[in-house]
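Each chain, letter by letter, is given below.
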Amino acid sequence: MRPEQILAPKILAPMPSGLCSKAGGFHIDPTRPVDKALITHGHSDHARAGHGHVLATQETLDIMRLRYGENFAGSVQAVGYGETIDLNGVRVSFHPAGHVLGSAQIRIEHKGVRIVASGDYKDVADPTCLPFELVPCDVFITEATFGLPVFRHHDAAGEIRKLLHSVAVFPERAHLVGAYSLGKAQRVIAMLRAAGYDKTIYLHGAMEKITAYYQERGIDLGAVELVRGAKKAELAGTITICPPTAMSDLWSRRFPDPVLAFASGWMRVRARARQRGVTLPLVISDHADWDGLTKTITATGCSEVWVTHGEEEALVHWAHMQGLKAKPLAIVGYGDEEESEDPAPAEAGSEADA
Ligand SMILES: [Zn+2]
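Residue numbers here run from 1 along each chain, matching the order of that chain's written sequence. pLDDT decides what is reported in this predicted model: residues at 70 or higher carry local features, side-chain atom pairs at 80 or more are listed and counted, and totals for whole chains, interfaces and linings draw on all residues regardless. Only hydrogens and water are removed before side-chain values are computed, so all heavy atoms of the structure are retained for them.

1. Some words on the side chain of T211
How we decide: In DSSP terms, a helix is any run of H or I states spanning at least four residues, a strand is any run of E spanning at least two, and both are numbered starting from the N terminus. Burial here depends on accessible area, computed with a 1.4 Å probe over protein chains only, as a share of the maximum for the residue type. Under 20% is buried, over 50% is exposed, and the range in between is partly exposed.
With respect to the secondary-structure elements, T211 resides in helix α5 (residues 208-216). The buried category is assigned to T211, whose relative accessible area is 1%.

Here it is, written out as structure tokens:
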């Protein structure tokens, strides 16, 4: 038996409150209030209010403050990417996860065993955050939201071209793009700019604070404006980014004959698009797809994989086939925000920001 297979559970273990390091005296992305929390990124299923002390990147701390208010934690500490800190002899460092602005994988090292808790991640380009950094480790902790071979996200830029083509073909109609308010919305805007679209892009009010924050941090999103107050006729031929839930609301009636688009990894599944009344599904995901998950696991050189949530059994089975040790953690409470949530109409009220 390798040393990490004996030591790893002592260094970090799944508990009802999430991943807990007894030796280091901290939790990672805890699902309940704890004394000391290390937070991978600002999505509400990972970043919760009410912890005693929070360590995270500056961006994640800022995003938590925007969402939960000044007093979201007793005290906070910003940790730079690559900076190593010592918590009771456990060495901890944060590394880019490529998921949303400020997102980090957390590397933990103790007694020669290296564990990486990846939070959510993707291994493809995103103009709104630093690229995923491969961090070699003995134990890799991954999610499996899209952990089935059917999920292949392909080329996001091609999906943006599809959207722009539709805008060109239907100049008399408005285009509503459903996108989760932290990360996806800003990524779609930045990708539209990269594709040469230079007109004003309109925003639902739920996108305002986070989008302004991205701009403050130097992410170039061009001219964006709140749609509030715009006249119906003015919105012909325009693009508006909104929470997925708003597309089915009365709210969408202010637009002339809207084309409903939705940017999500779930759009690979046609039935999901139909359920939502989406006529222009855009397969754009901030999560690794099947190839991304399996390639990343292999590339870390790990001998053991822990799968937090999603299609755990399929990924665990794949890992076993590769000769890796693997186990599902079934952490309850992950997957409640952005596209890890099943975007069925029945759950339409559950988006954290809508
Ligand atoms: Zn996330």
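Now that the structure has been shown, the text picks up again.
2. Let's talk about the domain arrangement of the chain
Filter applied, for reference: As used throughout, domain bounds are those supplied by an automatic or database domain assignment. In this description, contact between two residues means that some pair of their heavy atoms is separated by no more than 4.5 Å. Once two parts are joined, some of their accessible surface, as seen by a 1.4 Å probe, is lost; buried area is that loss totalled over both. For this analysis, a salt bridge means a side-chain nitrogen from Lys or Arg found within 4 Å of a carboxyl oxygen belonging to Asp or Glu. Counted as a polar contact is a pair of N or O atoms within 3.5 Å, where, for protein atoms, one must be capable of donating a hydrogen and the other of accepting one, and residues adjacent in sequence contribute only when both atoms are in side chains. In this count, Pro and Cys sit with the nonpolar residues alongside Ala, Val, Leu, Ile, Met, Phe, Trp and Tyr, while Asp, Glu, Lys and Arg are called charged and the others, Gly among them, polar.
Domain assignment breaks the chain into domain 1 (3-150 + 286-328) and domain 2 (156-283). Centre-to-centre, using C-alpha coordinates, domain 1 lies 30 Å away from domain 2. Taken together, the contact between domain 1 and domain 2 spans 20 residues of the former and 17 residues of the latter. Buried surface at the junction of domain 1 and domain 2, both sides included, amounts to about 1600 Å², of which 66% is carbon and sulfur. Here domain 1 is connected to domain 2 by three salt bridges. For the pair domain 1 and domain 2, the number of links is seven residue pairs in polar contact (both at pLDDT 80 or more). Residues belonging to the side of domain 1 that touches domain 2 are distributed by class as follows: nine nonpolar, five polar and six charged.

3. Side note on the sheet that holds strand β10 (residues 113-117)
Defined as follows: In short, DSSP must find at least two bridges between two strands for them to pair. Axes here mean lines fitted to C-alpha atoms, for a helix over just the part in contact, with angles spanning 0 to 180 degrees between N-to-C directions.
Strands sit in the order β7-β8-β9-β10-β11-β18-β19 across an open sheet of seven strands; the sheet is mixed. At either margin of the open sheet sits one strand with a lone partner, and together these are β7 (84-87) and β19 (325-328). Across this sheet, the average inter-strand angle for adjacent strands is 20°, counted without regard to direction. Pairing of β7 with strand β8 (residues 90-96), which is carried by four bridges, proceeds in the antiparallel orientation.

4. Remarks on helix α3 (residues 156-169)
Convention followed: To estimate how far a helix should reach, multiply one less than its number of residues by 1.5 Å. To be clear, the arc concerns the directions from the helix axis to the C-beta atoms.
Spanning 14 residues, α3 covers 20 Å between terminal C-alpha atoms, matching the ideal 20 Å at 1.5 Å per step. Regarding α3, the residues found buried are A156, E159, I160, L163, L164, S166 and V167. Buried residues along α3 cover an arc of 155° about the axis, so they all sit on one side. Of the exposed residues in α3, those oriented more than 90 degrees away from the buried face are R161, H165 and A168. Here the buried face of α3 lies against β12 (175-178), α4 (184-194), β15 (239-242), β16 (259-263) and β17 (280-282).

5. Points about unusual backbone geometry
Notably, K111 is not glycine yet its phi reads approximately 50°, a positive angle. Phi is positive for D257, close to 40°, though the residue is something other than glycine. Relative to the elements of secondary structure, D257 occurs in the loop between β15 and β16. Exposure remark for D257: the relative accessible area of 48% places this residue in the partly exposed category.

6. Some words on the sheet that holds strand β3 (residues 26-28)
Taken together, six strands build an open sheet; the order of strands is β1-β2-β3-β4-β5-β6 and the sheet is mixed. Looking along the sheet, the strands with just one partner apiece sit at the ends: β1 (13-15) and β6 (73-78). Looking at each pair of strands side by side, their axes are set apart by 30° on average, direction ignored. Pairing analysis gives two bridges linking β3 to strand β4 (residues 36-38), with the strands arranged parallel.

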